[in-house]
Amino acid sequence: MDIPDWLLWPALGAALLQALALVPGIRRLRGPNPAARTKARLDLLDSIASLFLITGLLLSMTVGESWLWLSFTGLTLLTLAYAVKGLRLLRARRAAA
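Residues numbered from 1 in each chain as written. Predicted model: local features only at pLDDT ≥ 70, side-chain atom pairs only at ≥ 80, totals over all residues. Heavy atoms only, no water.

Mind laying out the nonpolar core, listing which residues take part and the relevant values?
Ranked by size, the top nonpolar core spans five residues in total: A15, L22, L44, L51 and I54. The greatest single-element share of this core, amounting to three residues, is contributed by helix α3 (residues 34-62). Ignoring any residue separated from it by four or fewer positions in sequence, one finds A15 in contact with L51 and I54. (Core = buried A, V, L, I, M, F, W, Y, C linked by side-chain atoms within 4.5 Å. Buried < 20%, exposed > 50% of the residue type's maximum accessible area, 1.4 Å probe, protein only. Helix = DSSP H or I, 4+ residues; strand = E, 2+ residues; numbered from the N terminus. Contact = heavy atoms within 4.5 Å.)

Laid out in structure tokens, this is it:
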């Protein structure tokens, strides 16, 4: 199945935006607050996982060989990051109550 060329440009734009999202995450890692650094680590993991996911799909569409393993790795990391963020949110709610 041929993928239209116009469909590759939005995927490339999304990959570029995810790469640019790494910059604020790296800057927040240098902050003095330990809680903010932990949140920055999770946000950075979220951005890296999304970048893996988008890059794997983009490479699978353009290159003849399969790069879906990169997408599955990104999906796994993304699931892990959201699970940890959810657990932290639940713990914060229980501590407040």
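Explain the environment of K85 residue by residue, including any values.
Residue position: K85 is located in helix α4 (residues 68-96). Taking the C-alpha atoms as reference points, K85 and L45, separated by 40 residues in sequence, lie 11 Å from one another.

Run through the environment of A81, naming residues and quoting values.
Relative to the helices and strands, A81 is located in helix α4. Measuring from C-alpha to C-alpha, the distance between A81 and D46 comes to 5.9 Å, with 35 residues separating the pair along the chain. Leaving out residues up to four positions away in the same chain, A81 has contacts with L42, L45 and D46.

Let's hear about the pattern of salt bridges: which residues, and what values?
Scanning the model with the defined rule gives four salt bridges in all. Notably, a salt bridge pairs R28 with D43, separated by 3.0 Å at the nearest N-O pair. Linking R28 in helix α2 (residues 22-28) with D43 in helix α3, this pair joins segments that are 15 residues apart in sequence. Residue classification places R28 among the partly exposed positions, given a relative accessible area of 36%. Across the pair D43 and K85 runs a salt bridge whose closest N-O atoms are separated by 2.9 Å. On the criterion of sequence distance, the pair formed by D43 in helix α3 and K85 in helix α4 is long-range, its members being 42 residues apart. Given the relative accessible area of 16%, D43 is considered buried. Beyond isolated ion pairs, a larger network of salt bridges with shared partners links R28, K39, D43, D46 and K85. (Salt bridge = Lys/Arg side-chain N within 4 Å of Asp/Glu carboxyl O.)

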